[in-house]
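# Remarks on the overall topology
The residues making up each chain are set out below.
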Amino acid sequence: MRMYMRAILVTCLFLFISFASQAQKDYQQLYNNIVAASQKKDYKTAIKLSEEMLPDAEKVMGKDSKSLGSFYYSLAGFYQADRQFDKAEKLYEKCLTVRKVAVGEKDPSYFKTQRKLATLYYASKKTQKAANLYKQILEAQKNTGQDKSKEYALTLYNLANLNFSLGQLEKSEKHYQQALALQKTTIGDKSPEYLNTLERLAFLYSQQGNYQKAEPLFKQIWQTYKTTVNNGNPNYIRAVGNLAEIYFAIGKYQEAGPLYDETTQLLKATKSPLYGRFLVSYAILNEIQDDYASAEKRYQEAVEVLKQTVGENHPDYAQALHDFGKFHEIKEDYAKAQDLMQKAQRIREKALGTNHPKYAESLNDLAKLYFKQGKLNIALENCQKALDIRQKGNDKLAVVTTIRNLANIYRAMQRISEAERYYKTALAEQEKIQGKSHKDYLTTLNSLGEMYDAANRLQEAQEVYKQVLAARAKTLGTSHRDYLLTSYNLAMAYLADDNKIDSAYQRMLQLENNATLLQKMPRIYANILRNLGGFFYQQGKVEEAKLRFSKGLKVYPRRDKSYIHFVNSLAASYAESGAYTAADSLYKVALRLCVDKYGKDSEIYALTLDESGKLYEQSGRYQEAVRNYQEALQIEKKIRGANSPQYATAMHDLGVVFKAMGKYVESEQSFEKARDIRKAKLGPDSYAYSVTLNDMGNLYKIMGRYNEAEKYYTQALNIRKKTLGENHFEYAVSLNDLAG
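Residues numbered from 1 in each chain as written. Predicted model: local features only at pLDDT ≥ 70, side-chain atom pairs only at ≥ 80, totals over all residues. Heavy atoms only, no water.

## Focus: the nonpolar core
- Met53, Tyr260 and Tyr299 are the most contacted members of the largest nonpolar core, which has 111 residues in total.
- The element that contributes the greatest number of residues to this core is helix α12 (residues 234-249), accounting for 10 residues.
- Once you skip the residues sitting within four places of it in the chain, Tyr260 turns out to touch Ala244, Glu245, Phe248, Phe278, Ser281, Tyr282 and Leu285.
- By size, the runner-up hydrophobic cluster in this structure holds 99 residues, among which are Cys383, Ala426, Phe549 and Ala583. (Core = buried A, V, L, I, M, F, W, Y, C linked by side-chain atoms within 4.5 Å. Buried < 20%, exposed > 50% of the residue type's maximum accessible area, 1.4 Å probe, protein only. Helix = DSSP H or I, 4+ residues; strand = E, 2+ residues; numbered from the N terminus. Contact = heavy atoms within 4.5 Å.)

## Re the confidence of the model for the protein
- When pLDDT is averaged across the protein, the result is 89; 96% of the residues are at 70 or more.
- Below pLDDT 50 for its whole length, residues 1-16 participates in 55 contacts with residues either more than four positions away or in separate chains.
- Ignoring residues within four places in sequence, the model shows residues 19-24, a span with pLDDT below 50, making 15 contacts including any to other chains. (pLDDT = per-residue confidence, 0-100.)

## Section: helix α37 (residues 729-739)
- Within the span of α37, buried status applies to Glu730, Tyr731, Ser734 and Asp737. For α37, the buried positions fall inside an angular range of 125° around the axis, keeping them on one side. α37 presents Asn736 and Ala739 as exposed residues on the side facing more than 90 degrees away from its buried surface. (Arc of directions from axis to C-beta.)

## Looking at the environment of Ala575
- Position of Ala575 among the secondary structure elements: in helix α29 (residues 561-576).
- For Ala575, a relative accessible area of 2% puts it in the buried group.
- For the pair Ala575 and Ala660, spaced 85 residues apart in the sequence, the C-alpha separation amounts to 17 Å.
- Ignoring any residue separated from it by four or fewer positions in sequence, one finds Ala575 in contact with Tyr580, Ala583, Leu615 and Gln618.

## Things to note about the pattern of salt bridges
- Applying the stated criterion to the full structure yields 36 salt bridges.
- With its nearest N and O atoms 3.0 Å apart, the salt bridge here joins Arg238 to Glu199. One end of the pair, Arg238, is in helix α12; the other, Glu199, is in helix α10 (residues 192-208), with 39 residues separating them in the sequence. Per residue, the accessibility class of Arg238 equals that of Glu199, and both read buried. (Salt bridge = Lys/Arg side-chain N within 4 Å of Asp/Glu carboxyl O.)

## Quick notes on the packing of aromatic side chains
- Inspection of the entire model under this criterion finds 17 aromatic pairs.
- Ring geometry for Phe324 against Phe327: centres 6.1 Å apart, planes inclined by 20°, an arrangement best described as stacked. Taken as a pair, Phe324 and Phe327 lie in helix α16 (residues 315-330) at a separation of 3 residues, close to a single helical turn. Each member of the pair Phe324 and Phe327 is classed as buried.
- Of the aromatic side chains, those joined through ring pairs into one cluster are Tyr292, Tyr299, Phe324 and Phe327.
- Here the basic side chain of Arg298 rests over the ring of Tyr282, its NZ or CZ set 3.7 Å away from the ring centre.
- The ring of Phe566 has Arg530 lying over it, and the distance from NZ or CZ to the ring centre is 5.9 Å. (Phe/Tyr/Trp six-rings, centres within 6.5 Å; stacked < 30°, edge-to-face > 60°. Lys NZ or Arg CZ within 6 Å of the ring centre and 35° of its normal.)

## Things to note about the packing of helix α33 (residues 645-660) against helix α34 (residues 664-682)
- With their axes 8 Å apart at the nearest point, α33 and α34 run at an angle of 155° to one another. Here α33 lies roughly antiparallel to α34, going by the angle between them. In terms of crossing hand, the pair formed by α33 and α34 is left-handed. Here Pro645, Tyr647, Ala648, Thr649, Met651, His652, Leu654, Gly655, Val656, Phe658 and Lys659 of α33 lie close against α34, whose contacting residues are Tyr664, Glu666, Ser667, Ser670, Phe671, Lys673, Ala674, Ile677, Arg678, Lys681 and Leu682.
- Across the contact of α33 with α34, the residue classes break down as 12 nonpolar, 5 polar and 5 charged. (Axes fitted to C-alpha atoms, helices over the stretch in contact; angles between N-to-C directions. Parallel < 35°, antiparallel > 145°, perpendicular 65-115°, else oblique. Left-handed = near helix turned anticlockwise from the far one by under 90°. Nonpolar A, V, L, I, M, F, W, Y, C, P; charged D, E, K, R; others polar.)

## Side note on unusual backbone geometry
- With phi around 55°, Asp64 is a residue other than glycine that occupies positive phi space.
- Exposure remark for Asp64: the relative accessible area of 28% places this residue in the partly exposed category.
- A positive phi angle is found at Gln414, which is not glycine, with a value near 65°.
- Here Gln414 shows up in the loop between α20 (396-412) and α21 (416-433).
- Judged by its relative accessible area of 62%, Gln414 falls in the exposed class.

Written out as structure tokens, the structure reads:
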């Protein structure tokens, strides 16, 4: 989920300081200049001016004075803001030494300095030192009777944030809840501090995928700010934006839209520097709703706004270019996507360096783009570089994302054992960080199912898809896009499994009921319609089949192989209903498309020849049917070899037409070849094998070889009983043939 980036209200780091002496230099003027630089967030200037004062600081302000402690505290803050962590650490330690004498170890300012030092430890990746220091502060506050104070709550809050960033979500949740309980009694549940802690807890629940807990918290924050501040207040704007984002995450796009609109208008009206960045988030919502025109408009505006406000070398501008590139990737304009994402990568390299997480994001997402283009070697190289960078940082989820992408690449390379290992590694980490209900965990699990599916490990694929469906039904509902995609995957896995054909049919009928949403996924919707058309066609419900095939042709967006399959299927349904002229015209259209796009040596051309051969067979044009089947056989032999299932299909169909022509010897020879290939390649329980057995029974019955006919009918019947069930149409066909 792309959560709303909260505005950081930077207060003046420099505190009021009194001077013991102004000898030699005008320290008051120097101090005023430091304050001015700090207010402008010009930390380099503030550091330079502060370092001028540093050698005389103790003499000017007084040894072990409050002012000296404040000076050290402020300069440490400047160093920290400028990422000079070693210098910042030394100054915080000097501040603690001074404040220990000046105010004592029980004073709030002493604890405040310790908390700042702990945040520095975390920023400089000294996470264990940060955790130990927070615990030390809590213990000290407890021993001094401050464990009911708002300062104690603040320490709990900081420790919760640390645990959150380290993926220790249970500890983090506990500390947030303890902090909230204290804040409610000390400063009230309408205070910004309380609401900020509540917001962090809501983010934690979102991270876990526990949207049922996250949503009401974000809503509570928004409703509270709605009654306590005006709508131009940064806290209110942040609350609206966060609620919009949680609605986006759980698929409540209609509810999210007005909130995105309100947030962008308020950010624009208040001239917030976040306006351009949030436009990108709004564009992503439009993108997921398939409103590409609005998405593109907002991306373009975001790029222009950020170009004007932060400049073309700023990381925020690079982020907008990067996300705009990903938008073009979705539109399959890969050249434009690559151009924008590579521009973003160059800006990040220059502004942030090649070890920065954002540079790793560029590598990672370019790897995904190369993957889609079939450039697997460069995709793998980029992904491995991204992983190396991300493993050096604290963002464990970013590491998981890259591991999952590596798994996808290995899967495409047919390196299944490596793919499976990486998927399982990602899942183990996600389970620890996010839990098994999180949207991203389920995405990875679904990808593992797709890998099993592609490797023909159908039982494993089906079990995985069922797990994903059960979890998505609870967290997203059964009408969510992601739920429907997994349901489709499961239907296709059933379809590939001869034992689950009826289950595939039932699931696709359920999916068809979600036509409104599926129309936004035209390829998937069209494939559902084509398969349903095929089911109805097999059952003899030709008009139902024609309806699905016709609708699929209108839905399907491209003139590719899938489109040709649709044309073939529609032609077959017309042929079945006796409309031979219409069927012949459609097959000719399909054959022209095959030749124009793929050539006469293509498998799709061979398939269409085979399909159109059935039309000629049905309409009594046997010689034309034989010609088509024989040409298809030659192409399949050249492409797949003479032992492939595709070759067996054409050989079987040739046997059928020879039978119709009374050429029983040729028919028997063709069937025997098809039978042997199908048994060897598809298995003795496959549906295709049962079809050949049943048609051999028909041949032997015509030839008067009844014992052989009965044998083959019985074998076909037993296979169909086992794989399709006794209520299936094809089982009834075999039963009728055996009885007759």
